[in-house]
Amino acid sequence: MSETTLQTRITTPAIIAIAVSVVVLFAPVLAKLGIDLWNDENYSHGLLVPFVIAFILWREKERVAKLVFAPAKAIGVVAIVAAILMLLAGTVGAELFTQRVALIGALIGITLYLAGWRWLIVLATPLVLLLLSIPIPQILFNRISFPLQLWASQIAVWVIRLLEVPTLRKGNIIDILPRGATQTISLEVVEACSGIRSLMTLVVLGLVLGYFTRTDENGDLRFGMFSGRDVLRTFILMISAVPIAMVTNAGRVAATGVGAYYYGISATEGLAHDISGMLVFVVALALLLGLNLILKRILSRRPSKPSEFATVAAKPVPSIVPIVVLILVGAAAVNWFALRPELSPDRQLLKGIPAKLGDWSQHGDEIPFDEGVQAVVRTTDHTMRQYSLPDGRIGDIYVGYYATQRTGATYHSPQNCLPGAGWVLGEPQYVEITRGDGTTFTANLYIIENGIYKQIMIYWYQGRGRVEASEYRDKLGTVIDSVTRRRSDGALLRVMTPVGHDEKESLTAATDLASKLADQLGPFIPE
């Protein structure tokens, strides 16, 4: 099929109409994504991805023009409807990742409806690039980031000690005593030093590098514009981004630690720190390029086989009217739900939680957040205080309430926050909490340690009559309630107490404090 025939069958006005309808549906999503990519250093590469995609499509336009049209209209419509529902769920549940993935789902549906599976398979590379430019949910991001931080700190400490520099690690915090000094310097392995930022970029570069170094550039377009061996090589490049990012950034942390030992705090900040970050990325890129050369030698080129799609019968391109109407109706429905004002149930401020919880009595004043912490947690209302029993046992409670989660302000799981403060979490467990009226609910239970300190932690999520241990089930409940009840309010509740000499006794005390707290929550966390 020639390029002229292609333009005849999918006219320019049709392409413009589809593009406009997609922009109308996803305009708020695209605007917010652009702002986030500009401000998020972990995904700043995403700003360049549209230009890379445009260049790839322009480069392949002649070969793409020869693809056979075999529309899969029914599946395409189903995919578009599913994308609209995903967008709706993500909008009312304030889940940005769901909204953004819905855009890719819509593009997949449109491709299937107009052109069919062959086109979708060939265009896999641009679609994957687009997917990799979307920031993953904070829940998953933290699950990736914190282990990388811990691994980077572990490798860095091992290297530092090999160089006979005295050091102590607590979680992702490394203490160094500079030579001749009397006060230690604490190096915190944050996201920037863990490899998470370079990881995201390296994964994209692995895919782009695999595409631009293909061994079968002139044959039939296959999966994602790759031959079979190129697909394998590119996949290995993308996967290798994980160890490359981790090792190179661990080297950066080790170099910073050694520099801190010899030159003090000046080695951990300013120009030296910024230059080390750039050097780490250059080294990581060099390793990726070297690995690509090795893989190209190992996976040598073989003769191409005919494409299995070459015999697919061509079919006429269907009318664009049904999908344009469907997308515009979807845009109207999503905006109607999004613009509905949320209900604000009456509640009391958390400072009203009693100072007496069973045998527990408040010890001292409320513990305030500093501005930096509050800027991260973004609670509508919160309380953090300490209680004590007559025998001297201490227990801490934290309640963070969010009047709405549509704005993106949502819970920060202790599984994500505490490791950043040096705490090491034990195996996840569950515990049944029994309220005073005999009803029960399930909460998370962890034994956490930080140096010589060891505590029992119990936490759960509560709001709108739901009590959940799983943040994923809670997020699903938030989406459902936002659609059906116009509410996304809720709270994170956490109880902690030192383990002491008797872990069983400490667990009993922690569950008792959680139970007494749960009994008092009605006026503060409305159902």
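Structural notes on the packing of aromatic side chains
Okay, step 1: Tallied over the full model, the rule gives eight aromatic pairs.
Okay, step 2: Both rings, one in tyrosine 211 and one in phenylalanine 212, keep their centres 4.7 Å apart while their planes meet at 80°; by these two values the pair is edge-to-face.
Okay, step 3: Using a relative accessible area of 31% as the deciding quantity, one classes phenylalanine 212 as partly exposed.
Okay, step 4: Through a chain of ring-to-ring contacts, the aromatic side chains of Phe55, Trp58, Tyr211 and Phe212 assemble into a single cluster.

Regarding the pairing of strand 7 (residues 394-402)
Okay, step 1: Of all the nine residues making up strand 7, seven are buried; the element is thus mostly covered by neighbouring parts of the structure.
Okay, step 2: The antiparallel hairpin formed by strand 6 (residues 381-388) and strand 7 contains five residues in its connecting segment, where glycine 392 sits at a positive phi of about 100°.
Okay, step 3: Of the pairings in the sheet, the one linking strand 7 to strand 13 (residues 490-498) comprises seven bridges and is antiparallel in character. Within the sheet, the bridge partner assigned to isoleucine 397 lies in strand 13 and is valine 495.

Side note on the nonpolar core
Okay, step 1: Counting 65 residues, the largest nonpolar core has Ile18, Phe26, Ile110, Leu114 and Leu129 as its most contacted members.
Okay, step 2: Those residues in contact with leucine 129 that sit more than four places away from it in its chain are Val49, Val52, Ile53, Ile56, Val204, Leu207 and Val208.
Okay, step 3: Counting residues in hydrophobic clusters, the runner-up holds 31 residues, among them Trp360, Val431, Leu521 and Ile525.

What to know about the pairing of strand 13
Okay, step 1: Most of strand 13 sits inside the fold, with eight of its nine residues counted as buried.
Okay, step 2: Sheet topology note: the strand 11 (residues 453-463)/strand 13 ladder contains eight bridges and is antiparallel. Considered in strand 13, the bridge of tyrosine 459 is made with arginine 494.

Brief notes about the packing of helix 2 (residues 12-39) against helix 14 (residues 321-339)
Okay, step 1: Following both chains from N to C, one finds helix 2 and helix 14 inclined at 15°, their axes separated by 8 Å at the closest point. On the basis of their axis angle, the class for helix 2 and helix 14 is roughly parallel. As for how helix 2 packs across helix 14, the hand of that crossing is left-handed. Here Ala17, Ile18, Ser21, Val22, Val24 and Leu25 of helix 2 come into contact with helix 14, specifically with Ile323, Val324, Ile327, Leu328, Gly330 and Ala331.
Okay, step 2: Residues of the contact of helix 2 with helix 14, tallied by class, amount to ten nonpolar, two polar and no charged.

Thoughts on the confidence of the model for the protein chain
Okay, step 1: Model confidence for the protein chain is summarised by a mean pLDDT of 81, while 83% of its residues fall at 70 or above.
Okay, step 2: Counting interchain partners and residues more than four positions distant, the pLDDT-below-50 stretch residues 191-195 has 24 contacts.

Describing the pattern of salt bridges
Think of it this way: side chains of opposite charge can pair up when their charged atoms draw near.
Okay, step 1: Taken as a whole, this structure holds eleven salt bridges when the rule is applied.
Okay, step 2: For arginine 385, the salt bridge goes to glutamate 366, with nearest N and O atoms at 2.5 Å. With arginine 385 in strand 6 and glutamate 366 in the loop between strand 5 (360-362) and helix 15 (371-377), this pair connects stretches of sequence that are 19 residues apart.
Okay, step 3: When its relative accessible area of 33% is taken as the criterion, glutamate 366 is described as partly exposed.
Okay, step 4: Measuring nitrogen to oxygen at the nearest pair gives 3.1 Å for the salt bridge that ties glutamate 468 to arginine 473.
Okay, step 5: Note on glutamate 468: relative accessible area 18%, which makes it buried.
Okay, step 6: With a relative accessible area of 48%, arginine 473 lands in the partly exposed category.

Let's talk about unusual backbone geometry
Most peptide bonds adopt trans geometry, and most residues besides glycine take a negative phi value.
Okay, step 1: Even without being a glycine, arginine 464 presents a positive backbone phi close to 60°.
Okay, step 2: Here arginine 464 lies in the loop between strand 11 and strand 12 (466-468).
Okay, step 3: A relative accessible area of 3% places arginine 464 in the buried class.

Observations regarding the side chain of serine 388
Okay, step 1: By the secondary structure assignment, serine 388 is in strand 6.
Okay, step 2: Those residues in contact with serine 388 that sit more than four places away from it in its chain are Asp359, Trp360, Ser361, His363, Arg393 and Ile394.

Focus on the environment of isoleucine 56
Okay, step 1: Counting through the fold element by element, isoleucine 56 comes out in helix 3 (residues 49-59).
Okay, step 2: By relative accessible area, isoleucine 56 is classed as buried at 1%.
Okay, step 3: Separated by 156 residues in the primary sequence, isoleucine 56 and phenylalanine 212 place their C-alpha atoms 9.3 Å from one another.

A closer look at the environment of valine 483
Okay, step 1: Topologically, valine 483 is positioned in helix 17 (residues 471-484).
Okay, step 2: Separated by 143 residues in the primary sequence, valine 483 and arginine 340 have C-alpha atoms spaced 9.8 Å apart.

Comments concerning a nonpolar patch on the surface
Okay, step 1: A cluster of nonpolar residues, Ile16, Val20, Val24 and Leu328, forms a patch on the protein surface that exposes about 330 Å² of accessible area.
Okay, step 2: Looking at the nonpolar patch, the element that brings in the most residues is helix 2, giving three residues.
Okay, step 3: Residue position: valine 20 is located in helix 2.

Looking at helix 5 (residues 73-92)
Okay, step 1: With 20 residues, helix 5 should cover 28 Å at 1.5 Å per step; its first-to-last C-alpha distance of 29 Å lies within 8% of that length.
Okay, step 2: Listing the buried residues of helix 5 in full gives Gly76, Ala79, Ile80, Ala83, Ile84, Leu87, Leu88, Gly90, Thr91 and Val92.
Okay, step 3: The elements touched by buried residues of helix 5 are helix 2, helix 6 (96-114), helix 14 and helix 17.
Okay, step 4: Just beyond helix 5, the residue with positive phi is alanine 94, at close to 55°.

Looking at the packing of helix 2 against helix 6
Okay, step 1: With their axes 10 Å apart at the nearest point, helix 2 and helix 6 run at an angle of 150° to one another. On the basis of their axis angle, the class for helix 2 and helix 6 is roughly antiparallel. The handedness of the crossing between helix 2 and helix 6 comes out as left-handed. Where helix 2 approaches helix 6, its residues Ile18, Val22, Phe26, Val29, Leu30, Lys32, Leu33 and Asp36 are matched on the opposing element by Leu96, Gln99, Arg100, Ala102, Leu103, Ala106, Ile110 and Leu114.
Okay, step 2: Residue classes in the contact of helix 2 with helix 6 are distributed as twelve nonpolar, one polar and three charged.

Reading the values: the criteria
- Residues numbered from 1 in each chain as written.
- Predicted model: local features only at pLDDT ≥ 70, side-chain atom pairs only at ≥ 80, totals over all residues.
- Heavy atoms only, no water.
- Phe/Tyr/Trp six-rings, centres within 6.5 Å; stacked < 30°, edge-to-face > 60°.
- Buried < 20%, exposed > 50% of the residue type's maximum accessible area, 1.4 Å probe, protein only.
- Helix = DSSP H or I, 4+ residues; strand = E, 2+ residues; numbered from the N terminus.
- Pairing = 2+ DSSP bridges.
- Core = buried A, V, L, I, M, F, W, Y, C linked by side-chain atoms within 4.5 Å.
- Contact = heavy atoms within 4.5 Å.
- Axes fitted to C-alpha atoms, helices over the stretch in contact; angles between N-to-C directions.
- Parallel < 35°, antiparallel > 145°, perpendicular 65-115°, else oblique.
- Left-handed = near helix turned anticlockwise from the far one by under 90°.
- Nonpolar A, V, L, I, M, F, W, Y, C, P; charged D, E, K, R; others polar.
- pLDDT = per-residue confidence, 0-100.
- Salt bridge = Lys/Arg side-chain N within 4 Å of Asp/Glu carboxyl O.
- Patch = residues over 30% accessible without salt bridge, like charges linked within 9 Å, V, L, I, M, F, W, Y side chains within 5 Å.
- Areas by Shrake-Rupley, 256 points an atom, 1.4 Å probe, with all protein chains shown as cover.
- Expected span 1.5 Å × (residues − 1).

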